Amino acid sequence: MQEKYVAGVDVGSTTAKAIILDMDRNIVGKSLQNVSPKVAEDAETAFLKACQDAGIDREKVVLITGTGYGRLKVRFGQLIVTEISCHAKGAQFIFPKTRLTLDIGGQDTKAIRLGENGEIIDFSMNDKCSAGTGRFLDVCADALGFSVSDLGPISEKSRRPVKITSTCTVFAETEVSNQLARGRKPEDIVNGLHYSIAERSISLMRRVGIVDEITFTGGVSRNTGMVRALEDKLGRKINVSPLSQWFGAIGAALFALEELEKGSDPKFMPMEVKQ
Amino acid sequence: MITAGIDIGTGSTKGVLLEDNEKIIARAIKPTKGSPGKMATEIFNELLETSKLDKGEVDYIASTGYGRYMMEERQIQISDLTTTGRGAKFIYRDKNPSLILDIGTQSSRAIRVDERGKIIQFKMNERCAAGSGRFIERCSRYLVVPMEKISETAMKSTDPQKISSVCAVLSETEIINHVSQGIPVEDILMGVFMSIADRAGTLLKRVKLDAPVFLAGGLVHMPAMKKALDEVLDQEVISVPEAHFSAAIGAARLGYQRLQKIKK
Amino acid sequence: MENIVAVKEEDLQYAGAARKMQRQLVRDFYRQDVTKPVVYLFVGGNPAELLRALGFQVYMPEITALTMAIRHQSLQYILKAESIGYGLDVCGYVKTDIGLTHLSGGETDMGKIPRPDLLVCNYSGCSVYAKWWEALAEFYKVPLIMLDIPYHRFNDPQKEDLEYIIGQLREMVEKIEKLFDLTFDMNRLKDVLAYSRKAEDGWGRSFEMAKHVPSPIDAYFESIFYMFPINALRGTKEAAEFYDLLNRELDERVKHGIGPVENEEFRTVIEGVPPYPGYRSFWNMFKKWNAVSVAATYPKVGGMFDIPELRHDPAKPWESIARYSIFSYCNLSWDFRRETIKRYLEDFKADALVIHGIKSCRSFTAGQGDLRDYVINELGYPALYVESDHQDPRYWAEAQILNRVDAFFEALRMKR
Amino acid sequence: MTSATSSDLIPLLTNLQEITYDIDFEQVHKWKREHPGKKAIATFPVYVPHELIYAYGHLPVNIYGGGEEISISHADAILGSFICSISKSTTELLLSHQPFRDAFDGFVFPFICDVARNLSGIFGRRISQPVYMLHLAQNVQSEHSIPYLKNEFMRMVSTLFPDEQLDLEKLRDAISKYNENRALYKKIYELRSETPWKVPLDDLYMTIRVGSNLDVVKHNELLKSKLSEYEKNERPKKDAIRVVVTGNFCEQPPLDIIRLIEQVGCYVIDDDFMIGRRFYQTPVSEEGDPIEALARHYLHEGAKTATRFHEGEKGEVILERVKNANAEGVIFLTAKFCEPALDDLVLQQQALQENGIPSVHIEFEERGSGYENIRLSLETFVESLLFD
Ligand SMILES: Nc1ncnc2c1ncn2[C@@H]1O[C@H](COP(=O)(O)OP(=O)(O)O)[C@@H](O)[C@H]1O
Ligand SMILES: Nc1ncnc2c1ncn2[C@@H]1O[C@H](COP(=O)(O)OP(=O)(O)O)[C@@H](O)[C@H]1O
Ligand code: SF4
Ligand code: SF4
Ligand code: SF4
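Residues numbered from 1 in each chain as written. Chains lettered and ligands numbered in written order. Predicted model: local features only at pLDDT ≥ 70, side-chain atom pairs only at ≥ 80, totals over all residues. Heavy atoms only, no water.

**Some words on the overall build of chain A**
A tally of regular secondary structure across chain A gives eight helices and nine strands. The C-alpha radius of gyration computed for chain A amounts to 19 Å, which stays within 12% of the reference 19 Å derived for 275 residues, consistent with globular compactness. Oriented by its inertia axes, the alpha-carbon framework of chain A measures out at about 65 × 40 × 35 Å. In chain A, which comprises 275 residues, the proportion classed as buried is 59%. A separation of at least 24 residues holds for 65% of the contacts in chain A among residues at least 6 apart in sequence. Entry remark: accessible area of chain A is about 10900 Å², with carbon and sulfur atoms responsible for 48%. (Helix = DSSP H or I, 4+ residues; strand = E, 2+ residues; numbered from the N terminus. Rg over C-alpha atoms; globule rule 2.2 N^0.38 Å. Buried < 20%, exposed > 50% of the residue type's maximum accessible area, 1.4 Å probe, protein only. Contact = heavy atoms within 4.5 Å. Areas by Shrake-Rupley, 256 points an atom, 1.4 Å probe, with all protein chains shown as cover.)

**Brief notes about the side chain of Asn239 of chain A**
All names here are of chain A. By secondary structure assignment, the location of Asn239 is in the loop between helix H7 (224-234) and helix H8 (247-262). A polar atom in the side chain of Asn239 sits 3.0 Å from the side chain of Thr215. Those residues in contact with Asn239 that sit more than four places away from it in its chain are Phe95, Thr98, Glu213, Ile214, Thr215 and Phe216. (Polar contact = N/O pair within 3.5 Å; in protein donor to acceptor, adjacent residues only side chain to side chain.)

**Quick look at the packing of helix H6 (residues 185-206) of chain B against helix H5 (residues 74-83) of chain C**
Running from amino to carboxyl end, H6 of chain B crosses H5 of chain C at an angle of 50 degrees, the nearest separation of the two axes being 7 Å. Between H6 of chain B and H5 of chain C, the angle falls in the class oblique. Facing Thr202, Lys205 and Arg206 of chain B of H6 of chain B, the residues of H5 of chain C in contact are Leu79, Glu82 and Ser83 of chain C. A breakdown of the residues in the contact of H6 of chain B with H5 of chain C according to their chemical character gives one nonpolar, two polar and three charged. (Axes fitted to C-alpha atoms, helices over the stretch in contact; angles between N-to-C directions. Parallel < 35°, antiparallel > 145°, perpendicular 65-115°, else oblique. Nonpolar A, V, L, I, M, F, W, Y, C, P; charged D, E, K, R; others polar.)

**Examining the pairing of strand S4 (residues 131-134) of chain D**
Residues and elements named next belong to chain D. Side-chain alternation along S4 places Val131 and Met133 on one buried face and Tyr132 and Leu134 on a second face that is also buried. Inspection of the sheet shows strand S3 (residues 106-110) paired to S4 by four bridges, in the parallel sense. Bridge pairing in S4 places Pro110 opposite Leu134. Taking the sense of rotation as the criterion, the β-α-β connection linking S3, helix H8 (residues 114-126) and S4 turns out right-handed. (Pairing = 2+ DSSP bridges. Right-handed = clockwise from strand over helix to strand, strands pointing away.)

**Re the packing of aromatic side chains**
Residues and elements named next belong to chain C. Throughout the structure, instances matching the rule amount to 54 aromatic pairs over all chains. Judged by centre distance (5.3 Å) and plane angle (50 degrees), the rings of Phe221 and Phe286 are tilted. Here Phe221 is found in the loop between helix H9 (186-209) and helix H10 (223-232), whereas its partner Phe286 is found in helix H12 (residues 279-287), with 65 residues between them in sequence. The class of Phe221 is buried, set by a relative accessible area of 1%. Relative accessible area serves as the criterion here: at 1%, Phe286 is assigned to the buried category. Summarising the aromatic geometry, the rings of Phe408 and Phe409 are spaced 5.6 Å apart at their centres and angled 70 degrees between planes, so their arrangement reads as edge-to-face. (Phe/Tyr/Trp six-rings, centres within 6.5 Å; stacked < 30°, edge-to-face > 60°.)

**Looking at the environment of Cys129 of chain A**
You can see Cys129 of chain A is positioned in the loop between strand S8 (120-125) and helix H3 (134-144). On a C-alpha basis, the gap between Cys129 of chain A and Cys168 of chain A in space is 8.0 Å, while along the polypeptide they are 39 residues apart. Apart from the residues lying within four places of it in its own chain, the contact partners of Cys129 of chain A are Cys167 and Leu170 of chain B.

**A short note on the interface of chain D and chain C**
Between chain D and chain C, the contact holds 53 residues from the first and 53 residues from the second. Around 4500 Å² of area is buried between chain D and chain C when both sides are counted, 52% of it from carbon and sulfur atoms. Connecting chain D to chain C are eleven salt bridges. The partner of Glu152 of chain D in a salt bridge is Arg153 of chain C, with the nearest N and O atoms 2.5 Å apart. Where chain D packs against chain C, one counts 37 residue pairs in polar contact (both at pLDDT 80 or more). Within the residue set of the side of chain D that touches chain C, elements represented by two or more residues are helix H5 (75-79), H8, S4, helix H9 (145-160) and helix H16 (339-354) of chain D. (Buried area = accessible area lost by both parts, 1.4 Å probe. Salt bridge = Lys/Arg side-chain N within 4 Å of Asp/Glu carboxyl O.)

**Remarks on the site of ligand 2**
Residues and elements named next belong to chain B. Residues in contact with ligand 2 amount to 17 residues; listed here are only the nearest, Gly11, Ser12, Lys14, Glu137 and His244. For ligand 2, an oxygen atom lies 2.7 Å from a polar atom in the backbone of Gly11. Contact with the protein chains hides 79% of the accessible area of ligand 2, taken as 560 Å² for the molecule alone. At the level of secondary structure, the elements contributing two or more residues to the shell around ligand 2 comprise strand S2 (12-19) and helix H3 (133-142). It is H3 that provides the largest number of residues to the shell around ligand 2, a total of three residues. The residue inventory of the shell around ligand 2, partitioned by class, reads three nonpolar, eleven polar and three charged. Two domains each donate at least three residues to the shell around ligand 2, and these are domain 1 (1-92 + 242-264) and domain 2 (97-239). (Near = heavy atom within 4 Å. Domains from an automatic or database assignment.)

**Re the site of ligand 3**
As a matter of local geometry, ligand 3 sits amid Cys129, Ser130, Ala131, Cys168 and Thr169 of chain A together with Arg127, Cys128, Ala129, Ala130, Cys167 and Ala168 of chain B. When the residues that make up the shell around ligand 3 are grouped by side-chain class, the tally is eight nonpolar, two polar and one charged.

**Describing the confidence of the model for chain A**
Across chain A, pLDDT averages 87, with 95% of residues at or above 70. Between residues 266-275 of chain A, whose pLDDT stays under 50, and residues either more than four places distant or in other chains, the model counts 28 contacts. (pLDDT = per-residue confidence, 0-100.)

**Some remarks on the interface of chain A and chain D**
Listed per partner, the contact involves five residues of chain A and seven residues of chain D. Contact between chain A and chain D buries roughly 560 Å² in total, counting both sides, with carbon and sulfur atoms accounting for 50%. When the residues that make up the side of chain A that touches chain D are grouped by side-chain class, the tally is no nonpolar, two polar and three charged.

**As for the sheet that holds strand S6 (residues 100-104) of chain A**
Residue and element names in this part refer to chain A. Spatially, four strands are ordered S8-S7-S6-S9 in an open sheet, and the strand pairing comes out mixed. Single-partner strands in this sheet number two, and they are S8 and strand S9 (214-217). Between one strand axis and the next, the sheet turns by 15 degrees as a mean value, whatever way the strands run. Of the pairings in the sheet, the one linking strand S7 (residues 109-114) to S8 comprises five bridges and is antiparallel in character. By the bridge assignment for S8, Leu114 is matched with Ile120. With respect to the sheet, helix H2 (residues 83-94) is in contact with S6, S7, S8 and S9, its orientation differing from that of S7 by roughly 60 degrees.

**Focus: the domain arrangement of chain A**
Residues and elements named next belong to chain A. When the domains of chain A are assigned, the result is domain 1 (5-85 + 246-274) and domain 2 (98-240). Distance between the C-alpha centres of domain 1 and domain 2: 27 Å. The partner domain 2 presents eleven residues to the eight residues of domain 1 that form the contact. Between domain 1 and domain 2 the total buried area reaches about 770 Å² when both faces are included, carbon and sulfur atoms providing 67% of it.

**A closer look at the nonpolar core**
In terms of nonpolar packing, the biggest core is built from 190 residues, with Met225 of chain B together with Phe104, Phe107, Met156 and Ile331 of chain D touching the most fellow members. Sort the elements by how many residues they give to this core and H6 of chain B lands first, with eleven residues. In terms of nonpolar packing, the next biggest core, distinct from the first, is built from 167 residues, Met60, Tyr381, Trp396 and Leu412 of chain C among them. (Core = buried A, V, L, I, M, F, W, Y, C linked by side-chain atoms within 4.5 Å.)

**Notes on the side chain of Glu264 of chain C**
Residues and elements named next belong to chain C. Structurally, Glu264 is set in the loop between helix H11 (237-256) and strand S7 (266-271). In this structure the side chain of Glu264 is engaged in a polar contact, spanning 2.6 Å, whose partner is the backbone nitrogen of Ser215. Discounting residues that sit within four places of it in the chain, Glu264 has contacts with Val213, Pro214, Ser215, Asn290 and Val292.

**Observations regarding the sheet that holds strand S5 (residues 241-246) of chain D**
All names here are of chain D. Sheet architecture is open: four strands sit in the order S6-S5-S7-S8, paired in parallel fashion. Strand pairing shows two members of the sheet lacking a second neighbour, strand S6 (266-271) and strand S8 (359-364), which therefore form its edges. On average, each strand axis in the sheet is inclined to that of its neighbour by 30 degrees, with strand direction left out of account. Both strand S7 (residues 329-335) and S8 contribute to a ladder of six bridges, which runs parallel. Residue pairing in the sheet places Phe332 in a bridge with His361 of S8.

Here is the structure:
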């Protein structure tokens with residue numbers, strides 16, 4: 001049999017991620033890149049980079065699923081699935097006992113509750129406001145002169161987290177600078193930011209019901225300080241994986257694979273017809 | 001008699017020295033950085049320097065703005081809504097304003113005043129920064145147009161591009177998208193001004209938009225803001241650069257009033 | 001689809017007939033001359049029959065407001081009302097009405113909305129009703145009659161509740177007779193009630209039609225149009241005839257296997273007031289997934305027309321009006337609402353519940369999340385909750401709602 | 001009911017704030033321990049006749065949500081996002097706070113607004129204790145309203161106490177004790193009107209509010225002791241302006257906001273604070289049929305808050321209050337998302353405007369993020385009166 005692959009391309013608001021799976025569900029290639037204004041090109045680049053990473057020809061990839069905020073821009077794909085389904089699927093693939101996924105991405109936060117067989121029971125997400133999302137951390141990190149990848153390690157030193165009262169990202173940015181001017185320690189401020197987001201996320205999770213196991217996905221799950229704050233507030237451990245940011249893409253690739261296995265025509269989702 | 005009004009805002013600190021309630025003999029402005037209390041002192045000292053006056057020659061100091069409680073030297077602190085109303089009334093005195101729109105760094109407020117400049121009604125943004133000056137500052141940063149050039153650039157626009165996102169932060173993505181589609185920066189910037197004007201319009205309608213609107217706050221320096229407001233509100237909005245000092249002037253004038261009372 | 005192709009043009013005598021007649025009725029309604037005294041009533045559980053029998057022209061500002069919203073004209077009026085102090089969180093109907101009639105003189109492109117000569121506050125299901133009418137009474141300086149309808153809390157309304165309502169109805173009639181120098185005629189009331197009954201029987205039958213698979217009617221999105229006669233014209237001949245026509249059209253659809261979507265795939269029950277400002281787009285989100293709503297609670301805001309015992313009855317005029325008034329949908333206890341949803345899900349072979357919450361209507365909305373919890377965790381049906389507003393387009397976030405609807409049906413389809 | 005001795009008051013006086021805001025309802029649990037077999041009934045604010053519950057020997061308790069003490073995490077999902085805090089935090093207490101559920105043997109939600117009404121259905125599904133939605137008659141003019149309301153009151157108690165009989169003598173006695181309670185409020189408010197500096201607003205507020213958790217007899221003792229304390233108070237008189245605060249008839253503003261009002265220079269002379277304990281502002285008749293007396297009093301003498309039907313007198317009511325309080329202005333202090341308050345405000349503000357009386361509208365919520373904007377609004381309002 002000819003060598004075949006499937007791909008999932010997750011075009012988020014901030015980053016584009018791609019995953020290549022072989023027919024045995026092994027991840028053979030992945031990529032991550034920032035989203036520029038040229039979303040369609042970024043999607044394609046992410047895909048090509050993943051092919052490169054896998055060391056395969058793009059022609060070998062027989063079915064591609066697009067997902068994420070910019071899913072309609074994955075014009076070279078055949079399937080389109082919302083990121084909610086994909087994150088859930090990806091999380092369950094890596095952590096099979098997942099019953100609740102928390103996805104904090106660049107511009108949105110979602111809580112998804114899953115059933116025994118991975119079916120989505122319920123989900124909720126935040127609304128058109130950047131408060132409580134990755135962007136909130138990006139902006140505040142900037143104001144403190146850190147890069148987001150520093151936030152985790154820095155907050156580790158914190159003893160007394162500063163309470164951040166503003167929910168609006170813009171006000172929080174000012175608040176952060178003021179706190180700094182008042183001589184509060186950067187680590188305490190960063191930790192305060194983490195707690196503030198943790199609180200908002202938990203309230204979102206409560207909307208669908210907090211049940212074990214919880215898997216944390218999306219770019220913000222790479223922030224170890226966020227993981228700590230969440231675990232502290234929830235009083236339990238949560239799953240995180242180095243692949244967390246790719247869960248959406250992994251889920252998307254799995255959808256492609258399942259379709260292929262079903263032998264069905266890739267006219268699966270009605271999404272592709274409209275823009 | 002000399003009174004000082006110091007307006008410690010979230011973005012900038014402004015101060016004036018007023019002689020006999022009428023004549024502005026010194027003014028100063030600086031971005032607010034570090035401790036608001038120190039900022040206020042700095043501005044005050046600058047005022048003394050410009051006017052060549054001695055500290056003891058200033059009869060009364062009134063502070064206002066978000067940092068009003070932090071200025072040690074103050075004799076009184078007054079809320080920035082009150083002072084903006086009074087100050088704007090004074091600055092625009094020949095036109096007898098009753099509706100004032102104050103857009104500052106983080107705030108936007110619609111204020112209705114009576115004959116004397118007393119506030120009768122006001123509405124303000126509360127938790128969301130989408131309609132405030134900060135939005136423009138952020139745009140300046142990621143569109144790489146310096147603040148001094150923002151308005152000038154926007155004024156060149158022939159086809160303003162609407163911003164649909166309501167969030168000052170999330171609209172970044174949209175704006176960057178516009179850039180990539182080759183939409184000229186000036187049209188995008190004008191769109192940003194229009195979106196702020198839209199929000200201001202809603203605020204104004206909540207206190208009833210039934211009179212000419214007078215602008216106060218830092219955005220008076222931006223003709224583009226006025227242009228956007230003119231269009232959105234469908235009227236000629238009145239704006240002069242001096243109105244950036246509305247709150248400071250209002251504070252100094254109310255300080256004068258207090259002084260008169262005390263002296264009696 | 002197969003059976004669509006098989007249907008020939010000439011076979012379809014009634015295609016679109018009901019919709020056409022409904023449009024005409026709306027047009028005529030707003031263009032009619034004002035020849036009689038005008039009374040304003042609320043939709044929920046109103047005693048329109050009594051007022052028609054007394055010789056009043058009946059208006060319901062809620063209906064005008066929603067008509068404005070669906071035509072994308074509500075925002076200007078909402079802003080006007082806000083300018084005299086109505087808060088952001090006040091019910092959009094109130095603001096549109098006050099902005100349109102009190103503050104703009106009632107001129108619309110459909111016709112002029114007359115000012116009221118009398119306000120009857122049928123206080124059935126929503127506390128905002130009282131506040132709204134109090135304000136109108138002050139603005140228009142016209143008499144206001146309070147008709148206090150107890151909340152539905154018991155399996156049967158108790159004798160005391162009915163007596164209380166009937167007592168007030170009689171007092172109201174007397175008061176109006178005096179105020180407007182009119183005489184009440186029982187025979188006229190019975191005629192009006194007979195028309196109401198006929199319309200209600202017909203409308204009730206149309207609901208039942210959705211039990212067919214595929215359903216010939218979208219019980220939520222389509223019903224929104226078909227609700228106009230029962231709510232605005234109940235008690236008139238036109239309304240009664242309208243539902244005859246609608247049923248003929250539905251029979252024809254059943255015969256030819258025609259439904260609101262070509263290939264019915266999902267059957268949903270929908271709860272809540274529609275997002276009028278985004279109504280078309282909202283419907284499209286469902287059509288795209290071949291989803292049909294087979295039962296909905298919103299068409300029962302006037303009264304529970306699907307329950308035959310609750311319809312008007314010329315043989316028991318006072319009692320049937322009183323009983324009807326208790327059972328307007330927002331006057332129902334959560335126990336009853338939960339039971340109703342359960343019944344709809346089961347009887348109409350539905351796959352899921354969709355809830356649309358209204359940010360500025362607490363009467364309908366407060367507790368819908370609990371309903372969702374009940375449906376998911378106790379009944380085991382999937383349920384989707386989305387939120388916007390019935391009047392205020394500023395709350396219609398299309399992309400977000402689309403995302404939720406897509407994800408929901410995607411998950412439903414995957415489960416199959 | 002044992003009458004409280006003065007020494008009983010000491011813990012109350014020293015821990016006033018703690019007891020007032022106690023979401024574990026320790027006072028209620030304590031009362032139940034002292035009265036075995038008796039019940040505590042939680043009532044949502046405004047217009048529930050406590051006298052009736054008290055007449056059965058049970059303890060009526062006003063509930064006011066969780067305030068600053070509990071964070072909302074479940075209730076959002078149940079109620080929706082555009083809902084007032086008191087409803088959310090009361091639901092939160094139900095869902096996640098056992099001491100609250102254990103304290104009460106029944107709940108009453110009056111139909112003061114749609115949210116309060118709907119809460120009854122949410123509670124009803126989740127607990128085994130009886131829950132009653134009290135429909136308060138709104139037709140002031142109908143002769144059928146009083147018989148209806150009497151019957152409604154009886155339905156309430158027979159739902160709460162299905163196997164118990166009402167003793168009319170005990171009801172008369174209860175009315176008399178609550179009349180004493182009302183008379184004491186009146187005295188304190190009069191004292192405050194004459195010499196506002198003697199009665200600190202926050203202390204008065206908590207003194208009234210703490211009564212929610214107490215037997216009325218004990219509360220009467222407390223009020224008496226506070227009254228004499230206030231009379232002797234030697235706080236200096238301040239140059240503050242006299243105001244009426246209205247609109248907060250149900251959800252209570254956080255204590256910090258109440259304090260802020262005084263801090264920025266206002267003497268609150270007339271207010272709606274804790275109107276849920278003061279909605280009968282005149283004594284209820286102790287003659288004749290006591291149930292009818294309660295019903296009649298609600299219809300004709302009950303405080304005219306926005307949560308009931310009142311045609312054509314909104315303007316007059318507020319103007320009258322301003323006049324009686326000899327106030328210079330009005331602060332509309334309303335709970336965020338409280339529609340009844342928002343609706344009535346329009347007509348009231350209009351009346352004030354026409355009469356040249358300044359007013360300001362402030363919205364509050366529990367656990368709001370800082371009070372900077374509220375302070376700003378209050379200061380601006382005061383300044384508009386202070387400066388010429
Ligand atoms: N190494 C990292 N450490 C901490 N945070 C990170 C890291 N990498 C990315 N992030 C956060 O993740 C966010 C992007 O998340 P992602 O899930 O990729 O977003 P989306 O899918 O919406 O594009 C960024 O806003 C950033 O805050
Ligand atoms: N020349 C200028 N100096 C200062 N601010 C300016 C100038 N031109 C425009 N601005 C705008 O005005 C805003 C500051 O307004 P200001 O009234 O000083 O605010 P605040 O008092 O809240 O600090 C800034 O956000 C900026 O966008
Ligand atoms: S500006 Fe702030 S509050 Fe407003 S939408 Fe954006 S993040 Fe949210
Ligand atoms: S039921 Fe809802 S939509 Fe209707 S009037 Fe009441 S609050 Fe408004
Ligand atoms: S605060 Fe207002 S909306 Fe909330 S329960 Fe009380 S009366 Fe109802």
